[in-house]
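Single-letter residue listing:
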Amino acid sequence: MSPNPLPLVEISGAPRDRGRQYGEQAREPIHRALAYYTEAFGHSSGLTWGQVTDRATRWVEVSRGFAPDLVEEMEGIAEGAGLGLLDILALNARGEIIYDDTFARMNGADGAAGDDGAPDGCTSFALLPEASGDGHVYAGQNWDWRSGVADTVMVLRIVQPPRPTVIMHVEAGQIGRQGANSAGIALNANGLGGRFDDAVGIPQTVIRRRVLDSPDLNAALEALTGSRAHIASNALITHREGFAIDLETTPGPVGWMYPTDGLLVHGNHYQAFIPPQLAAAYRPAAADSLFRVPRAELGLRRCRDASGSDEARKLIRTAMSDHLGFPESLCTHPDENRPAVRRWATLLSSCVDLTTGDYLITAGTPCDHEYDRVPWNLYDGPGGE
């Protein structure tokens, strides 16, 4: 495989030191991310960046109460990048800022989300040994978000003993999104959209990082079930011993579901349950999720007959390259008819082999990019096998 073209950043040490290393190494893409969201928030809601950071203030103490070390890490990122803590916190809470209103008000009188209010359009999967063809455990997803942030996407490795070593793919400046750790736990996530009340909860990037910091499965699940998120989000947890569970987390109740015949796929609509706060008038925020999920299931079922790992990985890539409903398909491409700040794309497709520790990524849409192996194995270094 060719070297992965996405920027690679490796950090280690105490929280502030890790953050400072991160901010220094990723200074340029962090500033590009800030410039993009300054324009995007101005375009969609008329907010200046100063107003955005004012809103971010509400997450300082709730984040510090949940994970003080991660706030310290964000302080270090800000120092390394030459920015303020609230700039970095706003980049981490960009989803929360978009949805910082009740579900009903953000979705309008008829309950249908607008273009600027749609959740991250991701499609996540877990393939267990009985479904993978080669007997391996795979976890991954197509990560769909605004195409304008493509030049801020990077791969981050965090060495942080005694906690597990983490490999993630993130937008520059973020401390958590999707990834896996040296304890053999993978997290893939999907936006569900919306708010249920006006209470201040914990930003998703903070919760997701705490999941990936977990040394065991129970701790990973407790990070999700024991925290009060600011917005609803889906988390698919896969363990290298052949276990997967999907949790639809909300500021209220949590729903869950398990694989069927070794396969679990989740999109951007509620699949396990519909929260009672929404049940009377619920409509999916991302209509394309309703066909992305079964199309991914259809393609990934073919892995069962794979003759080995090379074929299994090719079949995964083929499945995640599906174009039904193009351009807002499983493999999403920018719609040139929309303003630039509203164009969506599959920023990357990930496929983590939790059996071997290989972390594979396409640097862009999977239909025209191969899976490349990042230069780190999950189980190398502190916290590995």
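Residues numbered from 1 in each chain as written. Predicted model: local features only at pLDDT ≥ 70, side-chain atom pairs only at ≥ 80, totals over all residues. Heavy atoms only, no water.

Draft legend 1. View of the nonpolar core. Counting residues in hydrophobic clusters, the biggest one holds 87 residues, and the most contacted among them are Tyr22, Ile30, Tyr37, Ile237 and Leu354. Ranked by residue count, the leading element in this core is helix 2 (residues 27–45), at 7 residues. Other than its neighbours up to four places away in sequence, Tyr22 contacts Val9, Ile11, Ile30, Ile77, Met154, Leu156, Val170, Glu171, Ala172, Gly173 and Gln174. In terms of nonpolar packing, the next biggest core, distinct from the first, is built from 19 residues, Tyr138, Met320, Leu330 and Cys351 among them. (Core = buried A, V, L, I, M, F, W, Y, C linked by side-chain atoms within 4.5 Å. Buried < 20%, exposed > 50% of the residue type's maximum accessible area, 1.4 Å probe, protein only. Helix = DSSP H or I, 4+ residues; strand = E, 2+ residues; numbered from the N terminus. Contact = heavy atoms within 4.5 Å.)

Draft legend 2. Fine view of the sheet that holds strand 12 (residues 344–353). Here we have 6 strands laid out as an open sheet, ordered 11-2-3-12-13-14, and antiparallel in their pairing. Both edges of this open sheet fall to strand 11 (263–266) and strand 14 (372–373), since each of them pairs with a single strand only. By the bridge criterion, 4 bridges tie strand 2 (residues 123–127) to strand 11 in an arrangement that is antiparallel. Counted as the bridge partner of Ala126 is Leu264 from strand 11. Relative to strand 3 (residues 138–146), helix 13 (residues 309–319) is tilted by about 25°, and along the sheet it contacts strand 2, strand 3, strand 12, strand 13 (358–362) and strand 14. (Pairing = 2+ DSSP bridges. Axes fitted to C-alpha atoms, helices over the stretch in contact; angles between N-to-C directions.)

Draft legend 3. Layout of helix 4 (residues 58–66). For helix 4, every residue scored as buried is listed here: Trp59, Val60 and Ser63. Buried residues along helix 4 cover an arc of 110° about the axis, so they all sit on one side. Pointing more than 90 degrees away from the buried face of helix 4 are the exposed residues Glu61 and Gly65. (Arc of directions from axis to C-beta.)

Draft legend 4. Region of interest: the pairing of strand 5 (residues 166–171). Extensive coverage of strand 5 is indicated by the burial of 6 of its 6 residues. Pairing analysis gives 6 bridges linking strand 4 (residues 153–159) to strand 5, with the strands arranged antiparallel. If you follow Arg157 over to strand 5, its bridge partner there is Ile167. Remark: 6 residues form the turn of the hairpin made by strand 4 and strand 5, two consecutive strands paired antiparallel. One ladder, built from 4 bridges, connects strand 5 with strand 6 (residues 178–181); its direction is antiparallel. Bridging across to strand 6, Ile167 finds its partner in Ala180. Remark: 6 residues form the turn of the hairpin made by strand 5 and strand 6, two consecutive strands paired antiparallel; Gly173 in that turn has positive phi of roughly 100°.

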